Amino acid sequence: MKLKKLVALITAGALCLGMSMTAFAADDNKSPDKVPSANGWANGGDLGAINTATEKEVQEIADEAMNWLEKNKPNIAANAEVIFAGDYRLYDAETGTWLEEGAKVPGGKTVFSFNVNNVKDKDGFVEGKVVYGLHKNADGTYSLIEGKLVYNAATGWAIEAEMDAFSPVTFFKVMSNGKIVEVDWKGDVVAPKTKTVARTTSPKTGE
């Protein structure tokens with residue numbers, strides 16, 4: 001009896017520890033409580049990248065991507081905030097047909113525009129700011145996609161990104177002091193580009 005009681009106590013303790021660890025993991029995750037999705041269009045609206053995941057699946061896609069980022073690129077993950085996520089399939093609007101699941105973009109890389117007006121957290125949104133996407137590969141790893149914020153008075157905010165294939169994708173921004181910042185893949189902040197003025201010298205004085 002004493003042995004059974006000891007085993008029960010150890011099991012209960014392990015369960016409590018597991019629950020507390022799960023709670024901490026959830027608190028550390030940079031995915032919002034409800035991750036929005038967004039559809040992308042290219043070629044003047046003739047080709048669509050349409051999210052086929054449910055709300056629950058979208059949340060799971062974003063959580064998984066951020067967990068991968070935290071494990072593999074902690075410097076970036078520390079300041080990353082999810083913008084939207086989805087599991088995408090290509091749609092030919094001209095013919096009204098879906099391309100095969102996992103199909104490549106016809107003709108290679110194409111710029112897709114994802115409307116993000118439904119994203120509540122627009123902190124740091126500025127025209128031309130660089131944001132990033134994590135595209136899940138078949139082997140479970142992720143490829144980094146670079147996109148940029150675009151604003152149009154008629155259509156609102158969008159993220160433009162050049163892509164050639166779709167599956168689970170999560171777009172995120174990297175924040176610093178309330179602003180979206182550009183980073184390299186190591187996680188270092190990229191200094192803004194400054195214009196340099198060429199200096200000319202006098203042929204007579206050399207000054």
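Preceding this paragraph is the structure being described.
All values derive from a computational prediction rather than experimental measurement.

Novice: Go over the overall build of the protein with me, naming the residues and quoting the values.
Specialist: Counting its secondary structure elements, the protein contains three helices and ten strands. Ordered by position from N to C terminus, the α and β elements of the protein give α-β-β-α-α-β-β-β-β-β-β-β-β. Here the analysis covers contacts within the protein between residues at least 6 apart in sequence; of these, 70% occur between residues at least 24 apart. With the model as given, the accessible surface of the protein reaches about 13200 Å², and the carbon-plus-sulfur share is 54%.

Novice: Break down the pattern of salt bridges for me, citing the residues and quoting the values.
Specialist: Per the stated rule, a full pass over the model turns up three salt bridges. A salt bridge links Glu 64 to Lys 136, with the shortest nitrogen-to-oxygen separation between them at 2.6 Å. One end of the pair, Glu 64, is in helix 2 (residues 55–72); the other, Lys 136, is in strand 6 (residues 130–136), with 72 residues separating them in the sequence. Among the residues examined, Lys 136 registers a relative accessible area of 23% and is labelled partly exposed. Salt-bridge contacts for Lys 173 lead to Asp 121; the nearest nitrogen and oxygen are separated by 3.4 Å. A residue pair is termed long-range when its members are at least 10 positions apart, and Lys 173 in strand 9 (residues 168–176) and Asp 121 in the loop between strand 5 (110–115) and strand 6 qualify at 52 residues.

Novice: So, the packing of aromatic side chains: which residues are in play, and what are the values?
Specialist: In this description, an aromatic ring pair is defined by two values, namely the gap between the centres and the angle between the planes. Scanning all chains against the criterion turns up twelve aromatic pairs. Taken together, a centroid distance of 5.1 Å and an interplanar angle of 25° make the contact between Phe 84 and Phe 171 stacked. One end of the pair, Phe 84, is in strand 3 (residues 80–92); the other, Phe 171, is in strand 9, and 87 residues separate them in sequence. For Phe 171, a relative accessible area of 0% translates into the label buried. Each member of the aromatic cluster is reached from another via a ring pair, and the members are Phe 84, Tyr 88, Phe 112, Phe 114, Phe 166 and Phe 171.

Novice: How would you summarise the pairing of strand 8 (residues 156–163) if you had to cite specific residues and measurements?
Specialist: In terms of residue burial, strand 8 counts as a mostly covered element, since six of its eight residues are buried. The pairing of strand 5 with strand 8 spans six bridges and is antiparallel. Looking at the pairing, Phe 114 lines up with Ile 159 of strand 8. Pairing of strand 7 (residues 142–152) with strand 8 involves six bridges; the strand directions are antiparallel. Following the sheet pairing, Gly 147 is matched in strand 8 by Ala 161. Between strand 7 and strand 8, which pair antiparallel one after the other, the connecting turn spans three residues.

Novice: Please set out the environment of Asp 139 residue by residue, giving values where relevant.
Specialist: With respect to the secondary-structure elements, Asp 139 resides in the loop between strand 6 and strand 7. A polar contact is formed between the side chain of Asp 139 and the side chain of Thr 141, at a distance of 2.6 Å.

Novice: Can you tell me about helix 2, naming the residues and giving the values?
Specialist: Along an α-helix, residues three or four apart share an orientation, since each turn contains 3.6 residues. Along its 18 residues, helix 2 runs 26 Å from first to last C-alpha, staying within 8% of the 26 Å computed at 1.5 Å per residue. Of the residues making up helix 2, those classed as buried are Val 58, Gln 59, Ile 61, Ala 62, Ala 65, Met 66, Trp 68 and Leu 69. In this structure, the buried side of helix 2 is in contact with strand 2 (47–51), helix 3 (74–77), strand 3, strand 6, strand 7 and strand 9.

Novice: Which residues make up the pairing of strand 2, and what values do they have?
Specialist: If a strand is regular, its side chains alternate between the two faces of the sheet. Most of strand 2 sits inside the fold, with five of its five residues counted as buried. Going residue by residue along strand 2, you find Leu 47, Ala 49 and Asn 51 tucked away on one face and Gly 48 and Ile 50 tucked away on the opposite face as well. Bridge analysis of strand 1 (residues 40–42) against strand 2 gives three bridges, and the strand direction is antiparallel. Note on strand 2: the bridge partner recorded for Trp 41 is Gly 48. With antiparallel pairing between neighbouring strands as the criterion, strand 1 and strand 2 make up a hairpin whose turn holds four residues, including Asn 43 at a positive phi of roughly 55°. Sheet topology places strand 2 next to strand 3; five bridges connect them, and they run antiparallel. Counted as the bridge partner of Leu 47 is Asp 92 from strand 3.

The rules we used
Residues numbered from 1 in each chain as written. Predicted model: local features only at pLDDT ≥ 70, side-chain atom pairs only at ≥ 80, totals over all residues. Heavy atoms only, no water. Helix = DSSP H or I, 4+ residues; strand = E, 2+ residues; numbered from the N terminus. Contact = heavy atoms within 4.5 Å. Areas by Shrake-Rupley, 256 points an atom, 1.4 Å probe, with all protein chains shown as cover. Salt bridge = Lys/Arg side-chain N within 4 Å of Asp/Glu carboxyl O. Buried < 20%, exposed > 50% of the residue type's maximum accessible area, 1.4 Å probe, protein only. Phe/Tyr/Trp six-rings, centres within 6.5 Å; stacked < 30°, edge-to-face > 60°. Pairing = 2+ DSSP bridges. Polar contact = N/O pair within 3.5 Å; in protein donor to acceptor, adjacent residues only side chain to side chain. Expected span 1.5 Å × (residues − 1).

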